Amino acid sequence: MKKSYDIVIIGGGIIGTSISYNLMHDGFDGSILVIEKDPTYEFASTTLSAGGVREQFSLPENIKISQYSIGIFENFDDLMEVDGEKAHAEFKQHGYLFLANEKNWPMIRKNYETQKSLGAKVSLLSIDEIKKLIPHMETADLAGEVPLVLVMGLLTHTGPCRDIKRKARNWE
Ligand SMILES: Cc1cc2nc3c(=O)[nH]c(=O)nc-3n(C[C@H](O)[C@H](O)[C@H](O)COP(=O)(O)OP(=O)(O)OC[C@H]3O[C@@H](n4cnc5c(N)ncnc54)[C@H](O)[C@@H]3O)c2cc1C
């Protein structure tokens, strides 16, 4: 370990790890130290996370950030490959269902319009369509239409952090 580094990042969760990788990816060639107090990540949000990725947000900024992330995750295993060994984000896109009742329907509808205007792959499903998709769902208290995002993924919560760290450590 050296006595000093050009950049020191405190915390080696997904954010600190990703910053270190992206600095190098974007051409920074100085020294970087990531300090992590708990190598088991027992209480880190990264390992506690459900690992959900979705485009359904209300603010355009968040929708765009998510769309960028989805592009990264779709190619993650190749992007984070090291010495011919692919990464394992286990990114699977299934759909992410938001349910609307009379109370939250105006907000969900407004958010849906924002998402749609930004090219998000979201759809409004009727209760009949929902019933076909998930026959055992109780739908008595739902509003007439229910938005479903079609592009959404679930990934393992620890996998991406581990894979980005491996890529950053092996950066050439
Ligand atoms: C239950 C739960 C479910 C979630 N589900 C989702 C989801 O489905 N989708 C989604 O996008 N987001 C989800 N999130 C949010 C997401 O997990 C966090 O936004 C993300 O993991 C934050 O990453 P981070 O690196 O900033 O923080 P962390 O993963 O918490 O990493 C911070 C690290 O800093 C270390 N640290 C702290 N202080 C010091 C110090 N002084 N010195 C050295 N190291 C230090 C800690 O040990 C920790 O490892 C969820 C969060 C939780 C808690």
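Computed from a predicted structure; not experimentally measured.

**Student:** Could you give an account of the overall build of the chain, with specific residues and numbers?
**Tutor:** In terms of regular secondary structure, the chain is built from seven helices and eight strands. Over its C-alpha atoms the chain spans a radius of gyration of 20 Å, topping by over 25% the 16 Å that the globule rule assigns to 172 residues. Overall size of the chain, expressed as C-alpha extent along the three principal axes, is 65 × 30 × 30 Å. In the chain, once contacts between residues fewer than 6 apart in sequence are set aside, the share between residues at least 24 apart is 71%.

**Student:** Give me the lowdown on the site of the ligand, citing residues and values where you can.
**Tutor:** Inspection of the region around the ligand gives 20 residues, with Gly11, Gly13, Thr46, Ser49 and Gly52 positioned closest. Residue assignment for the shell around the ligand shows that the elements contributing at least two residues are helix H1 (14-25) and helix H2 (45-48). Looking at side-chain class alone, the shell around the ligand contains eight nonpolar, nine polar and three charged residues.

**Student:** Any chance you could break down the domain arrangement of the chain for me, citing the residues and the numbers?
**Tutor:** For the chain, the domain assignment lists domain 1 (1-49 + 158-172) and domain 2 (50-156). Between domain 1 and domain 2, the C-alpha centre-to-centre distance is 28 Å. The interface is formed by nine residues belonging to domain 1 together with eleven residues belonging to domain 2. Across the side of domain 1 that touches domain 2, the residue classes tally to two nonpolar, four polar and three charged.

**Student:** Please provide a residue-by-residue account of the environment of Ala87, values included.
**Tutor:** Tracing the backbone shows Ala87 in the loop between helix H4 (76-79) and strand S4 (92-93). Considering only alpha carbons, one finds Ala87 and Asn22, 65 residues apart in sequence, at a separation of 17 Å. Contacts of Ala87, omitting those with residues within four sequence positions, involve Phe76, Asp77, Met80, Glu81 and Asp163.

About the cut-offs
- Residues numbered from 1 in each chain as written.
- Predicted model: local features only at pLDDT ≥ 70, side-chain atom pairs only at ≥ 80, totals over all residues.
- Helix = DSSP H or I, 4+ residues; strand = E, 2+ residues; numbered from the N terminus.
- Rg over C-alpha atoms; globule rule 2.2 N^0.38 Å.
- Contact = placed C-beta atoms within 7 Å.
- Near = placed C-beta within 6 Å.
- Nonpolar A, V, L, I, M, F, W, Y, C, P; charged D, E, K, R; others polar.
- Domains from an automatic or database assignment.

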